[in-house]
Each structure stands twice: as C-alpha cells, then as structure tokens.
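Next come the chains, spelled out residue by residue.
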Amino acid sequence: MANSISEILGSAAAIAKGMSVTLKEMMSPTVTEDYPDAPAKFQERYRGVHVLQRDEAGLEKCVACFLCAAACPSNCIYIEADENTEKKRISGGERYASVYNIDYSRCIFCGFCVEACPTDAITHGHQFEIASYNTSTLIYRKEQMLVNIAPNVKAPALPVETTGGH
Amino acid sequence: MALVNVTINGVQVQAENGALLIEVAKQNGIEIPAFCYYEGMSLQAACRMCLVEVEKAPKLMAGCTLPVAEGMVVRTESEPVVKARKTTLEFLLSNHPLDCPVCDKGGECELQDMTFKYGVGESRFTEIKQHVPEKQWSPVVFYDAPRCILCYRCVRVCNEGMGVGALGVSYRGVNAEIIPSNGDHLECDECGSCIDICPVGSLTSGIYRYKTRPWEMEHVGTVCTHCSNGCKTTLGVRNNEIVRGNNRDKSGINGEFLCVKGRYAFDFTQHPERLQTPLIRNAAGELEEASWSRALKLVAEKFKALAGPDFGVIGSTRTTNEENYLLQKFARTALGTASIDHHRTGDVVTLIDSLSGKTGQLATAEDLYTSKAVLVVASDLSQQQPLLANKIRANVRHHKAAVYTVTPGPVREDKIARKAIRIAEADSLAGVEQLREALSKEAELVIIYGDAIQGEKVRQLVAFGESLGIPVKYVALVDYANSRGALDMGLLPDLGPGYHATAPGRSLQQMLDDPKLAALWVVGSNPLKGGKSLASTNAFVVVQDLFLTETAQRADVVLPAASAYEKNGTVTNVCGQVQRLKKGIETVGSKADLAIIGLLARGMGVNLGKVDADAIFAEIAASVPGYNQLPMPVILTGGAVQTHPVNGGVPPSSVPGIIASARDTLFTTGSLTRYSKILNEVLEKPGALYS
Ligand code: SF4
Ligand code: SF4
Ligand code: SF4
Ligand code: SF4
Ligand code: SF4
Ligand code: FES
C-alpha cells in the first residue's frame, strides 16, 4: 500500500513541476514571430538587402572606389565609375558610381562590403523578401538601393571644389 | 672594376667598388625603400626614405647615393633606421590628403605600399591640411599638388628620358609644387612618362581618369600598332574596353617607354565612325549596310570571275605577318595575279642586298642603346621614331655614346650630338662624308637612315660604312607597325616571302594608273588618300578597313576589319624584331583580316589549309628564310627576336615602285591616328618635322 501512495504523490509532484514550467512560459512574452501575418522584427545589425546612403547634403556617399567589389567573396558587386563635373555632381568625392549593381542571386550577406567601404556608403538594410521566380530580377540597380533624399534637404548642394583636410 | 666586401644586415656580400648601396642591396635580395631613387635616372636624394645605418658614420646615410667601399658594414633594419623611416613617412603624409578611395593611383601607389609596410599608422599632426585645387595641364596630364611628395622623378624623366624638360619645381616648403613648361599648361611630347613614373597619384592620366581601378582590369601585353618601333604596351581592359596603356612591367624592347600614341591612342577602337557591318554599293551607287554572308558571297563570286593578271592587291603596313603572308599566297595562287604591293616607306630591300653575304649587320633597338656611336641620316627621330630616339638618349646618358646627325633641319638629337650637319636631304651623303674622319675614330657605329636614302644611295652609304674600318650596323627606317613585316612577307610586285624573286606584277602606283585593272583588293591601306583616284573606273574594288577611308568610299564592297588590339599574330618592327600581338578586346561586327581572307577563300572553294594565326605562323616558320629559326618560346612569352630575312643577294627589281615615308610627326601615324580623339585633342601644334 505504502508503495502506491508514494507513487501517486510522486506523479502529482512531477505533474506540478511540469505544469509550473508551462505556466511560467505562458506568462512570459512571446518570441515566436507571427510572420507573414505580422511584420518581422529585426535586430539592429541584421544583414538584409543593402542600402546606399546619402550624406547630409543629399549627395551619394559612394565615391566608386571599388573596395566593396574587391572585398566581396562572391564577386557580385558591379560598378562603373564616372567623374563628377560642375554641372553634374552626384557624390561628395571626385568620382561617383554611374552604375552600381548587386546580384542577389549570388550575395551571401556576409557584410564584407559594408566593412570595406571607406565612406560608409553601403550598409545592410532589413529588407529580406526578395525571392523571385526570375533570377534576372535579383540584380538590383543603384536606384533600387539608394535611400531617398530626406524631405528637408535640397540636393545636390555642395560647392564644386571640395575642401581639403578630409 | 675591383670587388669589395660589404656586410649588409650581418651577411657578407661582394660588390663592385663604388656601386650604389641601394643597388647592391637589391641584388642581394634586401629591400631599401626609396621614392626618389629611380634606376636609370640621375640621383636626387630628395626623399630620405632610403636611410640606412653605416658603421662608423655619425648619422644615418642615404642608401641611394652611397657608394659601397671595402669593409663597409650596413644595417637596413636596425632600430634607428626603422624609426627614421616612420618619421619620414609621417612627414610625407603630414599634408597628404586622405584621397585613396578616389585617387587613381590607389591600389598601385608606392606611398600606400610604403605606409603599409614601414609606416606608423597614426599621425601626430593635427593641423588642417593645406588644400590646392587640382590642375589640368593638358588633355592627358592632370596634377594634384597636395598628393605630390616632391621626388623629382617626373622632372628627371621629362628632362633626361624624353629630352623635353617641360617640368620644374617652384616655390618652397609646403607650397613647393611641380610647374609645367608654359606656366599653367604643358606644351610637350604628351608622352605621359611623368604620369607613369610618379610614385603617387599626383600626376594622373586624362584618359584613364576615374574610369576604374587597377585590380579591376585585365592587363594584356601586346605591341603598339602605331609606328614601326614596336613598343610593348600593356592594355588595361575592362568590359571589353581598353581604358589605359602603359608598360610598367618593363617587358619588351621599350622598357617603360611609350610615346603619346602607344600610351593613349588606343581610343580609335571605340570611335563612333568605326565600321561594324559590311557595306555594299547598291543600284543607286550608294554604300549600303549588308550582312556578312551577303557581302562575302558577292566578293567571292566576283573574285572568282575576275581572278587573273589584271587583279590588283594592296596589302597593309599594320596587319600581322600571318595576314600578309596569307594575303600574298592567296593572291599569287588562287587569284593568279602578281600585282601585289603595299605602301613602302623605307628602302629595306636595297640594304639587305647591299649586306648580302654578311651577318649581324642589321641593328636592333637594343644596339642603339649599347653602341658606342650612332649616326642619324635624314630623319627627325624624336618625331618619327620615338623609341629609337629614346634609346639613343639613354645611351648618351648611361654610356656617353657619340651621336652624329645629318639632317635638313634642327632635330632634338642635335643637343646631344658631337657633330650636327645641316644639309638638304638630297645631299645627305655629302654630309655623311664630312664626318668620315670623326666616325673612323669610333670603336663601332650604328647608321640609321630615312627614306631620302634609297636605291643607289643606300649602296653608297653602306660602302661608306664598310670603308670606315670599324664594325657598322644599319637600320633602314620605315613608318608603320608592320611595314617591315609587309616586306619580309613578300607584299611586293616582284619579290615573294623572304625576298625571293617571283614573276613581276604591277607596283602600287601602276595599279592605280592602269585603266585595264579589273579588280582591286585593298587590305588595311588607304592608297587614294589625298585626292588620288583610280584610273580604272570599272574596277571592282573591295576594301577591308576599320573606317570609311577615302579608298573605302570608292569601294564596291567594304568589309569591316579588326585592329591590331583585337587579334593575335606577330609583327616585325623597324629593326626586324618579331613580336607577338595579344588580343585585348573582342570586336563587335568586324572580323580580323585573317578570318576574312579565310572566309573568302572558302567562298571561292579554295583550300588554304588551317586559317589561324598559329598555323600560319608555323607555315611562315617552315618556308620564309629568317623566320625559320626564331626561338618560339621567346616570342610566345612576349619577347622580341630579330630576323635576318636573307643572307644572299636580292634579285634586282624590274618594277619601278615608289618608296616614300608619310613624314608623320609624333602626333600622327597614318589614318588610324585621325580617329583617335585624344591625339586630336593634344595636337597643340602640328609639330612639323625639323623645327
Ligand atoms: S554582403 Fe558579402 S556577398 Fe553580399 S555583396 Fe556584400 S560582400 Fe558581397
Ligand atoms: S597618392 Fe597614394 S596614398 Fe596618396 S591618396 Fe593617392 S593612393 Fe592614397
Ligand atoms: S608628358 Fe612627357 S614630355 Fe610632357 S611633361 Fe610629361 S614627361 Fe614631359
Ligand atoms: S608629381 Fe609625382 S613624380 Fe613628380 S615630384 Fe610629385 S610625386 Fe614625384
Ligand atoms: S614609339 Fe611607336 S611603337 Fe612606341 S609607343 Fe610610340 S607609336 Fe607606339
Ligand atoms: S631614395 Fe634616397 S633620398 Fe630618396
């Protein structure tokens, strides 16, 4: 008899212990994402589709130094450079990227390009929904990655001669 | 010279007494970093990067100017030396902008490399950097003063290497900068040597400016297609576009030298007027675009119908040896004509005949650098033969060579000449005779002569040379990239490959003047330039060219051809040195002349064997004297080998032909250069010869 009583008590204790975990977890906040019913949430440093940044004057930060392309292990960045002129000033430096493509069918989101950029022009954004049935749509052009000019900035606004000591 | 024992970093080495320490160290695998020291240039000792510790010397010494002596003990990596280098770099960078991301030199910059290897990585200077706006000195030369480290390399290469002296230094201290010849702009050879030699991105090239970065390009070593000198040029290719030319690896017969054409005038390949599709003259008498298959079919049919002795063939001075060989073979066999010629620009044939039975008397480009004496007859070398002129200048600088000139007007070589004779071209030989006494005292001599010396005069000149009683070598000057190859391959009305007699046909002028000519096939040449016309109004004319030249405008069918930068093959320079062309870019729409000849042969049902550059070269090597013993590995790896096409007499010619140089200047070489945007921009003064 004594045996069966202790067995019941033991089982009850085990259930109580298990239920206490369940109850505790029920009370704590949810971590599961409700994606796609609700928008996904990200850590700040999540590495999604790249964003090409502008400076305070609204000019493109990229000076077409090709260092991101050189750092890229999957060789998916393609750049064509051109010279800023008095009439047409695109970036803050002497040179700008007239073409800047990233091939997302090859990008492994390693972040090396961001690391390599001397002007902080290329950063990772949080966009990740880029799946496609057609790989040719995975080649993103500069225009698709460039941030919009902030509404309060009138660009381009820098004087043509850059000043020294930068 | 006596050998001395020197200890560098604990290792005992032997060196020639008085040799420069920096060179001795280099020969023994020890790097002494340097900016202003440059092999082949005068010493400057301006940068202090090469400081080393020498035992018993009170202070660190500049390794670039220090001659070694017996028992010298040197340390190149000791603590004071390492510290001195760090300080030197810190000073050099004190006003240097942080421009690397946009600087055209980035990635191949000596200052970057040195800072990476020897620098501190931090600067104690916090002062605002002094900025000076960049200046454009000419269409091809830009100068950014803050990046300049004042090493004087550019000043020296322009003065000593080019003999131009267009650059100097002005102002002092932090304001010191390089100043161009005309105050705010350059009037010079526009050779770009200064840009090339600049260790930093201070001097940059107008054509390569901000286009790409060094590691993004493919570097294709080929041969310049402009003049006859045959400089090696390394084309920087990106996206099937040539973006720069230089020869930093010093390969080839030219070392680092390139003139304005070799360095910049590759842009004709991208010219908007470049032909990209065949043209056929339609019923209305206008040239109309057509497909390759239609054009080839038409030409093959016509060729088949018109083949025979009245068929004229004019070959090119720019196409490869393989193409020239195949062209004359096709013409002499399948087309059954002996009327084959090209634009002859120098009398090589008589020279070879005059030297029959002798060996080793044709000079190479290298001979102009090593020979103890050089005689220039009737040529403005610096304008017409830039590399040969450069070799002579280097010879004077390094070996104190004796230079003699016999020219109708002033030439740059006068400045370095022992004796300069001013005499009309027609009387050149009398001028040469005046030098007899001086020349016979020289130990050896190279005689180079222009087109004013031809026929009998060549024989007289050679007789003069042989009577001096010293070893004499000769160069018969010609104009274009493969002028010599056209002769060697038998694009002549009475001589086949290797100067063998063949049945005589018409010369170029006779073809143009003959009203009975049934057909004319012009491959890469422009015989109707300057308003000339074809006497035979009914002749069926086919032209292969890059552009719609005067001759192409007269053609019934125009076939767009590839340039030398777009094909493989070999060319032979003015000194008979064979070098290999390497395809830099693919063509759009046009085809290599070799392929066109092959397709026409196929259209006519003629079997020419395998039509590719290597196979044809093998055929040349098997059958053309002088080309049969060329060491192929040397050529295939980008070297130059001299040919001696015949060593017997050349049969006398029965066909009167014209030999006339086009008298091009430094900024022009035939029709190609008309289509170079950059050359037309730098044409500050047309640069008349002998002025
Ligand atoms: S994230 Fe990595 S793979 Fe993607 S573009 Fe940048 S460097 Fe290339
Ligand atoms: S010269 Fe060299 S170190 Fe100076 S900005 Fe250009 S790449 Fe950088
Ligand atoms: S381009 Fe040539 S000639 Fe002109 S300044 Fe430079 S080195 Fe001298
Ligand atoms: S421009 Fe270049 S080569 Fe000339 S002194 Fe300055 S750093 Fe030296
Ligand atoms: S010297 Fe002649 S071969 Fe050399 S770069 Fe100039 S044009 Fe070309
Ligand atoms: S290399 Fe010796 S001082 Fe410049």
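Residues numbered from 1 in each chain as written. Chains lettered and ligands numbered in written order. Predicted model: local features only at pLDDT ≥ 70, side-chain atom pairs only at ≥ 80, totals over all residues.

## Some points on the overall build of chain A
Moving on, step 1. A count of helices and strands for chain A gives four helices and five strands.
Moving on, step 2. Starting at the N terminus and ending at the C terminus, chain A contains elements arranged as α-β-α-β-β-α-β-β-α.
Moving on, step 3. Its C-alpha atoms put chain A at 100 × 35 × 30 Å along the principal axes.
Moving on, step 4. Every one of the 166 residues in chain A was classed for burial, and the buried ones make up 21%.
Moving on, step 5. Long-range contacts, defined as pairs at least 24 residues apart, comprise 74% of the intrachain contacts of chain A with a sequence gap of at least 6. (Helix = DSSP H or I, 4+ residues; strand = E, 2+ residues; numbered from the N terminus. Buried ≥ 20, exposed ≤ 12 C-beta atoms within 10 Å, placed from the backbone. Contact = placed C-beta atoms within 7 Å.)

## Focus: the overall build of chain B
Moving on, step 1. Along chain B, the regular secondary structure elements total 22 helices and 28 strands.
Moving on, step 2. Taken against the 2.2 N^0.38 rule, which gives 26 Å for 691 residues, the C-alpha radius of gyration of chain B at 27 Å falls within 12% of a compact globule.
Moving on, step 3. Burial statistics for chain B: of 691 residues in total, 53% are counted as buried.
Moving on, step 4. Intrachain contacts of chain B at a sequence separation of at least 6 include 69% that bridge at least 24 residues. (Rg over C-alpha atoms; globule rule 2.2 N^0.38 Å.)

## Points about the sheet that holds strand E5 (residues 139-140) of chain A
Moving on, step 1. On the basis of which strands lie adjacent, the open sheet formed by three strands has the order E2-E3-E5 (chain A) and antiparallel pairing. Each edge of the open sheet is held by one strand with a lone partner, namely strand E2 (77-83) and E5 of chain A. (Pairing = 2+ DSSP bridges.)

## Regarding the nonpolar core
Moving on, step 1. With 206 residues, the main nonpolar core has Cys50, Val377, Ile447 and Leu520 of chain B as its most contacted residues.
Moving on, step 2. The biggest single contributor to this core is helix H19 (residues 593-603) of chain B, with six residues.
Moving on, step 3. Leave out the neighbours within four places in its chain, and isoleucine 447 of chain B touches Leu375, Val377, Leu461, Gly465, Val472 and Tyr474 of chain B.
Moving on, step 4. Counting 27 residues, the second-largest nonpolar core is a separate cluster that includes Leu59, Ile79, Tyr96 and Ile102 of chain A. (Core = buried A, V, L, I, M, F, W, Y, C linked by C-beta atoms within 7 Å.)

## Digging into the site of ligand 4
Moving on, step 1. Lining the immediate environment of ligand 4, one finds 14 residues, of which Cys148, Cys151, Cys154, Cys198 and Ser202 of chain B sit closest.
Moving on, step 2. Grouping the amino acids of the shell around ligand 4 by side-chain chemistry returns twelve nonpolar, one polar and one charged. (Near = placed C-beta within 6 Å. Nonpolar A, V, L, I, M, F, W, Y, C, P; charged D, E, K, R; others polar.)

## Quick notes on the packing of helix H8 (residues 321-333) of chain B against helix H20 (residues 613-623) of chain B
Each pair of packed helices can be summarised by the angle the axes make with each other and by the distance between the axes.
Residues and elements named next belong to chain B.
Moving on, step 1. For the pair H8 and H20, interaxial distance at closest approach is 9 Å and the crossing angle is 70°. Classified by the angle their axes make, H8 and H20 are roughly perpendicular. H20 is crossed by H8, and the crossing has left-handed handedness. Between H8, through Asn321, Glu322, Tyr325 and Leu326, and H20, the contact on the second element is made entirely by Ala613, Ile616, Phe617 and Ile620. (Axes fitted to C-alpha atoms, helices over the stretch in contact; angles between N-to-C directions. Parallel < 35°, antiparallel > 145°, perpendicular 65-115°, else oblique. Left-handed = near helix turned anticlockwise from the far one by under 90°.)

## What to know about the interface of chain A and chain B
Moving on, step 1. Between chain A and chain B, the contact holds 18 residues from the first and 17 residues from the second.
Moving on, step 2. Among the secondary structure elements, those contributing two or more residues to the side of chain A that touches chain B are helix H2 (67-71) and E2 of chain A.
Moving on, step 3. Top element by residues in the side of chain A that touches chain B is E2 of chain A. It accounts for three residues.
Moving on, step 4. When grouped by side-chain class, the residues that make up the side of chain A that touches chain B number seven nonpolar, six polar and five charged.

## Re the domain arrangement of chain A
Moving on, step 1. For chain A, the assigned domains read domain 1 (1-31) and domain 2 (50-145).
Moving on, step 2. Of note, the centres of domain 1 of chain A and domain 2 of chain A, computed from C-alpha atoms alone, are 56 Å apart. (Domains from an automatic or database assignment.)

## Some remarks on the site of ligand 2
Moving on, step 1. Of all residues adjacent to ligand 2, which total 13 residues, the nearest are Cys100, Cys103, Cys109, Val200 and Gly201 of chain B.
Moving on, step 2. A class-by-class count of the residues in the shell around ligand 2 yields six nonpolar, four polar and three charged.

## Remarks on the sheet that holds strand E13 (residues 241-246) of chain B
Residues and elements named next belong to chain B.
Moving on, step 1. If you walk across this open sheet you meet the three strands as E11-E12-E13, and the pairing is antiparallel. Two strands bound the open sheet, and with one partner strand each, they are strand E11 (218-223) and E13. Neighbour-to-neighbour, the strand axes of the sheet open up by a mean angle of 35°, direction not taken into account.
Moving on, step 2. Inspection of the sheet shows E11 paired to strand E12 (residues 232-238) by six bridges, in the antiparallel sense. Across the sheet, residue histidine 219 finds its bridge partner in E12, namely glycine 236.

## Thoughts on the pairing of E13 of chain B
Residues and elements named next belong to chain B.
Moving on, step 1. Bridging between E12 and E13 involves five bridges; their strand directions are antiparallel. Bridge pairing in E13 links valine 237 to isoleucine 242.
Moving on, step 2. Counting the residues between successive antiparallel strands, the hairpin from E12 to E13 contains two residues, one of them, asparagine 239, with a positive phi of roughly 55°.

## Some remarks on H20 of chain B
Residues three or four positions apart in an α-helix share a direction because the helix packs 3.6 residues into each turn.
All names here are of chain B.
Moving on, step 1. Along H20, the residues classified as buried are Ala613, Ile616, Phe617 and Ile620. For H20, the arc enclosing every buried residue in end-on projection is 100°, short of the 170-degree limit, so these residues lie on one face. Seen from the open side of H20, the exposed residues pointing more than 90 degrees away from its buried face are Ala615 and Ala622.
Moving on, step 2. In this fold, the buried residues of H20 make contact with H8, strand E26 (569-572) and H19. (Arc of directions from axis to C-beta.)

## Structural notes on the packing of H8 of chain B against H19 of chain B
All names here are of chain B.
Moving on, step 1. The geometry of H8 relative to H19 is characterised by a closest axis approach of 9 Å and an angle of 25° between their N-to-C directions. The angle between H8 and H19 places the two elements in the roughly parallel class. For the element pair H8 and H19, the recorded crossing hand is left-handed. Residue-level inspection shows Glu322, Glu323, Leu326, Leu327 and Phe330 of H8 in contact with H19, the latter providing Asp593, Leu594, Ile597 and Ala601.
Moving on, step 2. Looking at the contact of H8 with H19 residue by residue, the class counts come to six nonpolar, no polar and three charged.

## Some remarks on the environment of glycine 10 of chain B
Residue and element names in this part refer to chain B.
Moving on, step 1. Note that glycine 10 resides in the loop between strand E1 (3-8) and strand E2 (11-16).
Moving on, step 2. A residue is classified by how many C-beta atoms lie within 10 Å of it, and glycine 10, with 8 of them, is exposed.
Moving on, step 3. For the pair glycine 10 and arginine 344, spaced 334 residues apart in the sequence, the C-alpha separation amounts to 62 Å.

## A word on the confidence of the model for chain B
Moving on, step 1. When pLDDT is averaged along chain B, the result is 94; 99% of the residues meet or exceed 70.
Moving on, step 2. Both scores are given for the predicted complex: the pTM is 0.91, the ipTM 0.84. (pLDDT = per-residue confidence, 0-100.)

## Considerations on helix H7 (residues 292-306) of chain B
Residues and elements named next belong to chain B.
Moving on, step 1. In this model H7 runs 21 Å from its N-terminal to its C-terminal C-alpha over 15 residues, within 8% of the 21 Å that 1.5 Å per residue would give.
Moving on, step 2. Burial in H7 covers these residues: Ala295, Leu296, Val299 and Phe303. Buried residues of H7, seen end-on, are gathered within an arc of 95° and therefore sit on one face of the element. For H7, the exposed residues lying more than 90 degrees away from the buried face are Ser293, Arg294, Glu301 and Ala305.
Moving on, step 3. Contacts from the buried residues of H7 go to strand E14 (279-281), strand E24 (540-545), strand E25 (557-560) and H19.
Moving on, step 4. Phi turns positive one or two residues past the end of H7, at glycine 308, with a value near 145°. (Expected span 1.5 Å × (residues − 1).)

## Let's talk about the confidence of the model for chain A
Moving on, step 1. Predicted confidence across chain A gives a mean pLDDT of 89, with 90% of residues reaching 70 or more.
Moving on, step 2. Segment residues 157-166 of chain A: pLDDT under 50, and 20 contacts once partners within four positions in sequence are set aside and those in other chains are kept.

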